[in-house]
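Breakdown of the fold
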Amino acid sequence: MESTKPIRCAICANLGLKQCQACQKIFYCSIEHQKEDWKRHRAECSPFILRSNDELGRHFVAARKIRAGSIILDEYPLIFGPRWSSIGQTSKNYEYCLSCCKPLLDKRNICQKCTWPLFCSISCTKTQAHAENECRLFVKKKVKYRPIVLPSPALYRGIIILRALLTKPTRSNSNQSESSVWKLITNLQYERSDKSTNGSQLDNQLINQFRSYFKLKNLLDNENEWTQVSGAIDVNAFSLERVENEGEEAS
């Protein structure tokens, strides 16, 4: 027979019947003790709660009043890159650095390993985002930069989806951290390909070209993986728009 220990107040250890509604991880015997403990508990208490419904899917709602400018979440993105939706929306149709996403205005730098020219500096050719992702594949598969084959929006869309696919565990790559990233990506809510979004329309038109361009025969098990990753990006991606008058508009 299992026994459940009573939940105790964080202040006095008496029976705690009042739960913190923000983090839902700590209890108190009274509102007075909850107020007394707030100065300490505030540092570890989440300002938001994860909710879910059929219309919005999984989403965060504020658990308490949050002051403007407060940092509520600080984490490194699973994947990132120049976002295709911002390309070509203005009269300035830049190409963008694959590492820092800045527009390539005049000077370009070529990666010495894969020979792709989409970098604003030598240091950007060596960043983890590129060097440990598509660069290795481009060298191994001899994938050359051919912007005529894929237009810019499709090319950048392909790069960011490719970075997600490269986190898949394989026989030759059993890296545990990459495997966990792939699991997180595939667990994200995603837009089905039969919904009329710009991204899914582009996927339907160009998926065979992507497969050929990036030489994905062994990496892409089926088209569903591509559309699932693409749909997850459409739903979950957060864009950082650069100020146009500073000459930067990638995201």
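We now turn to the structure provided with this report. (Residues numbered from 1 in each chain as written. Predicted model: local features only at pLDDT ≥ 70, side-chain atom pairs only at ≥ 80, totals over all residues. Heavy atoms only, no water.)

On the secondary structure map, threonine 227 appears in helix 8 (residues 223-236). Measuring from C-alpha to C-alpha, the distance between threonine 227 and isoleucine 161 comes to 9.3 Å, with 66 residues separating the pair along the chain. (Helix = DSSP H or I, 4+ residues; strand = E, 2+ residues; numbered from the N terminus.)

This paragraph deals with the side chain of asparagine 109. Here asparagine 109 shows up in the loop between strand 4 (57-62) and helix 2 (122-125). For asparagine 109, the contacting residues outside a window of four places in its chain are Trp116, Pro117, Leu118, Phe119, Cys120, Ser121 and Ile122. (Contact = heavy atoms within 4.5 Å.)

As a further point, take the pattern of salt bridges. Summed over all chains, the structure comprises five salt bridges. Residue arginine 157 pairs with aspartate 234 through a salt bridge whose shortest N-O separation is 3.5 Å. Placement of arginine 157 in helix 5 (residues 152-165) and of aspartate 234 in helix 8 is noted, with a sequence separation of 77 residues between them. A relative accessible area of 0% places arginine 157 in the buried class. Where salt bridges share partners, they join Asp37, Arg40 and Glu44 into one cluster. (Salt bridge = Lys/Arg side-chain N within 4 Å of Asp/Glu carboxyl O. Buried < 20%, exposed > 50% of the residue type's maximum accessible area, 1.4 Å probe, protein only.)

Right, let's talk about the packing of helix 5 against helix 8 for a bit. Relative to each other, helix 5 and helix 8 sit at 110°, their axes nearing to 10 Å. Classified by the interaxial angle, the pair formed by helix 5 and helix 8 is roughly perpendicular. Residues Arg157, Gly158, Ile160, Ile161, Ala164 and Leu165 of helix 5 pack against Glu225, Trp226, Val229, Ser230, Ile233 and Asp234 of helix 8. Among the residues forming the contact of helix 5 with helix 8, the class breakdown is seven nonpolar, two polar and three charged. (Axes fitted to C-alpha atoms, helices over the stretch in contact; angles between N-to-C directions. Parallel < 35°, antiparallel > 145°, perpendicular 65-115°, else oblique. Nonpolar A, V, L, I, M, F, W, Y, C, P; charged D, E, K, R; others polar.)

The subject of this paragraph is the nonpolar core. Trp116, Leu118, Phe138, Leu155, Tyr213, Phe214 and Val229 are the most contacted members of the largest nonpolar core, which totals 36 residues. Residue assignment for this core shows that the elements contributing at least two residues are helix 4 (134-141), helix 5, helix 6 (176-187), helix 7 (198-213) and helix 8. At nine residues, helix 5 tops the list of elements feeding residues into this core. Among all residues touching leucine 118, those that are not within four sequence positions of it are Glu95, Tyr96, Cys97, Leu98, Leu104, Arg108, Asn109, Tyr145, Leu155 and Tyr156. Of all hydrophobic cores here, the second largest spans seven residues; its members include Cys23, Ile26, Tyr28 and Cys45. (Core = buried A, V, L, I, M, F, W, Y, C linked by side-chain atoms within 4.5 Å.)

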